[in-house]
Amino acid sequence: MEQQKMKNNTPRILLLMGTSHGYGRDLIDGISQYLYEFGCRVDFDFRGHREEIPSWVKDWRGDGIIVRHHLSSTFRLLDKMKIPYVKLNCDCKEVSPSDVDVDEEAICEMALSHFCERGLEHFAYFAECDQYWTQKRAEAFIHTVKKRGANPFVHIASAETIIPFNTWKPAEKKRLIHWLRDLPKPIGLLTAYDMHAKLILDICEEEGIAIPNEIAVLGINNEEWFCRIQRHPLSSIIQNAREAGYQAAKLICEKIEGKNIDSQPILIPPISVFARRSTDLIAVQDEDLVAAFRMIRENWGIGISIEDLVQEIGLSRRTLERKFRKQFGKSIGEEIIRLRMERARELLRETNLPIGNIARKLGFCSHSYFVHAFCKQTKETPGEYRIHFR
């Protein structure tokens, strides 16, 4: 009886997933945070998503499993074990959707907003390998671009895994190079993953295609060391892997407790875009708007006002506001606030600066006004945001 009570109070969880990339390690970080908070015991086997799971798993005796694998054989085995399990980012079309997954449309919306903020009107997507997850991301991209009334340009290489470009078949190489040359310029190009972006950056350099003025390249995952070492440091979307892991751990504990679970998957939206040189352009012909946009980006942290822009550029406030909204789909004031909030989120995530110091650093006249503006943008206070992402 005592053993049964201990088992119920201390669930034993098995993790079956890979850790070869930062995203996978962040998933485990989020999982471990929840399991630590609630005192769970953990077993694990960390190996590649397409490697067969070890034979001992079928004899494992515990309470629940969190799995991130891409082989249908894995799920056939888990079904036979009759143990609750949670599918986390499992890209396997032979099985039902993941319980916790990436919000692909939110990623694509964020990418397009980033491109549109720079005045781009054409959008492309590239994946270096043809897998279930790259196809899902492509479908979300196509849907999101069409919603904006634009025409999506998509290229997915036929390789099943990422392989060096010099080992590609000549016809496949030629097809990709022609696709890049024929894209309307300037264009924003979203790649399925940071590693895929490197191939585009390298080919564009070899072919004399200017980055970012002709093709602005945006990756996904923000593997920071990798993004920084490129000749054109890579802008990338920061995914919220820790939150995905945390939610997966929470969900497996709820399944173990026998709670009613919503059949809809939990979709985790991205955090933000980490902008670097690969998307640092303003694709606008109007010199007044280029000047205004550059002034805002360079001076938003020192309390720049619309009056400052009007005085510097020499247009009436009404004319400048009208032209800015027509081109970028937002007011000048909204763009200044957006940049401040983007920097605020970064400082809250990456530093221990007091919130009052952050407010002053970003040019807000008071702590309370900063909190009000932050809540309006993110639906939570700066303190709640910092706790949430830690």
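Residues numbered from 1 in each chain as written. Predicted model: local features only at pLDDT ≥ 70, side-chain atom pairs only at ≥ 80, totals over all residues. Heavy atoms only, no water.

*Asks:* Can you help me understand the overall build of the chain in this one?
*Replies:* For the chain, the helix and strand inventory stands at 16 helices and 12 strands. Taken against the 2.2 N^0.38 rule, which gives 21 Å for 390 residues, the C-alpha radius of gyration of the chain at 24 Å falls within 12% of a compact globule. Its C-alpha atoms give the chain principal-axis dimensions of about 80 × 60 × 35 Å. Long-range pairs, those at least 24 residues apart, make up 67% of the contacts in the chain between residues at least 6 apart in sequence. Surface exposure of the chain reaches about 19400 Å², of which carbon and sulfur atoms provide 49%. Here the chain contributes 56 positively and 55 negatively charged side chains, and the mean placements of these two sets differ by 1 Å. (Helix = DSSP H or I, 4+ residues; strand = E, 2+ residues; numbered from the N terminus. Rg over C-alpha atoms; globule rule 2.2 N^0.38 Å. Contact = heavy atoms within 4.5 Å. Areas by Shrake-Rupley, 256 points an atom, 1.4 Å probe, with all protein chains shown as cover. Lys, Arg positive; Asp, Glu negative; His and termini not counted. Charge placed at Lys NZ, Arg CZ, Asp CG, Glu CD.)

*Asks:* Just to check I follow, could you spell out the confidence of the model for the chain for this structure?
*Replies:* Detailed reading of the predicted coordinates is not advisable wherever pLDDT falls low. Confidence in the prediction of the chain, expressed as mean pLDDT, is 88, and 96% of residues score 70 or more. Mean pLDDT values for the elements of the chain range from 45 in helix 1 (residues 2–9) up to 98 in strand 8 (residues 187–191). Contacts from residues 1–7, a stretch scored under 50 in pLDDT, to residues over four places away or in other chains number 1 contact. (pLDDT = per-residue confidence, 0-100.)

*Asks:* When you look at the sheet that holds strand 7 (residues 152–156) in this model, what are you seeing that I'm missing?
*Replies:* Pairing between the strands of a sheet is mediated by backbone hydrogen bonds and can be parallel or antiparallel. If you trace the 6 strands from one edge of the open sheet to the other, you get 7-6-8-9-10-12, paired in mixed fashion. At either end of the open sheet lies a strand with only one pairing partner, and these are strand 7 and strand 12 (272–274). Across this sheet, the average inter-strand angle for adjacent strands is 25°, counted without regard to direction. Sitting on the sheet, helix 6 (residues 170–182) is in contact with strand 6 (123–127), strand 7, strand 8 and strand 9 (215–220), with an inclination near 160° to strand 7. (Pairing = 2+ DSSP bridges. Axes fitted to C-alpha atoms, helices over the stretch in contact; angles between N-to-C directions.)

*Asks:* Can you help me understand a nonpolar patch on the surface in this one?
*Replies:* Together, Val42, Phe44 and Phe46 give the surface a local cluster of nonpolar side chains, amounting to about 270 Å² of exposed area. Locating Phe44 in the fold gives a position in strand 2 (residues 41–46). (Patch = residues over 30% accessible without salt bridge, like charges linked within 9 Å, V, L, I, M, F, W, Y side chains within 5 Å. Salt bridge = Lys/Arg side-chain N within 4 Å of Asp/Glu carboxyl O.)

*Asks:* In this structure, what is going on with the pattern of salt bridges? I would like to understand it.
*Replies:* Where side chains of opposite charge bring their charged atoms close, a pairing between them can arise. Under the criterion given, the structure shown has 27 salt bridges. The residue Lys198 makes a salt bridge to Asp202 at a minimum N-O spacing of 2.9 Å. Of this pair, Lys198 and Asp202 are both found in helix 7 (residues 194–207), 4 residues apart, which corresponds to roughly one turn of the helix. Classification of Asp202 by relative accessible area gives partly exposed; the value is 29%. (Buried < 20%, exposed > 50% of the residue type's maximum accessible area, 1.4 Å probe, protein only.)

*Asks:* Help me understand the packing of helix 6 against helix 7, please; the structure alone is not making it clear to me.
*Replies:* For the pair helix 6 and helix 7, the least separation of the axes is 11 Å and the interaxial angle reads 75°. Our classification of the angle between helix 6 and helix 7 gives roughly perpendicular. In this structure, helix 6 uses Leu176, Ile177, Leu180 and Arg181 to contact helix 7, whose residues at the interface are Leu199, Ile200, Ile203 and Glu207. For the contact of helix 6 with helix 7, a count of residues per class yields 6 nonpolar, no polar and 2 charged. (Parallel < 35°, antiparallel > 145°, perpendicular 65-115°, else oblique. Nonpolar A, V, L, I, M, F, W, Y, C, P; charged D, E, K, R; others polar.)

*Asks:* Just checking my understanding: could you explain the state of the cysteines for this structure?
*Replies:* As used in these notes, a disulfide is a covalent bond between sulfur atoms, one from each of two cysteines. For the structure shown, the criterion picks out 0 disulfides. There is no disulfide at Cys204, and the cysteine sulfur nearest it, in Cys227, is 16 Å away. Classification of Cys227 as buried rests on a relative accessible area of 0%. (Disulfide = S-S within 2.5 Å.)

*Asks:* How do you make sense of the side chain of Asp63 when you look at a structure like this?
*Replies:* Along the chain, Asp63 falls in the loop between strand 2 and strand 3 (64–67). Within the local environment of Asp63, its side chain forms a polar contact with the backbone nitrogen of Arg12, the two atoms lying 2.7 Å apart. (Polar contact = N/O pair within 3.5 Å; in protein donor to acceptor, adjacent residues only side chain to side chain.)

*Asks:* It is not clear to me how the packing of aromatic side chains should be interpreted in this structure. Could you clarify?
*Replies:* Note on aromatic pairs: each is described by the distance of the centres and the angle between the planes. Scanning the entire structure with this criterion turns up 15 aromatic pairs. The interplanar angle of 25° and the centroid separation of 4.9 Å between the aromatic rings of Phe293 and Phe328 together place this pair among those described as stacked. Here Phe293, found in helix 10 (residues 287–299), pairs with Phe328, found in helix 12 (residues 317–328); they are 35 residues apart in sequence, far enough to count as distant. For the pair formed by Phe293 and Phe328, the shared burial category is buried. With a centroid separation of 5.6 Å and 80° between ring planes, the pair formed by Phe374 and Tyr385 is classed as edge-to-face. Placement of Phe374 in helix 15 (residues 367–378) and of Tyr385 in helix 16 (residues 382–388) is noted, with a sequence separation of 11 residues between them. According to the relative accessible area criterion, Phe374 is buried, its value standing at 0%. In this structure Tyr385 comes out as buried when scored by relative accessible area, which is 3%. Three or more aromatic residues joined by ring pairs form one cluster here, namely Phe364, Tyr369, Phe370, Phe374 and Tyr385. (Phe/Tyr/Trp six-rings, centres within 6.5 Å; stacked < 30°, edge-to-face > 60°.)

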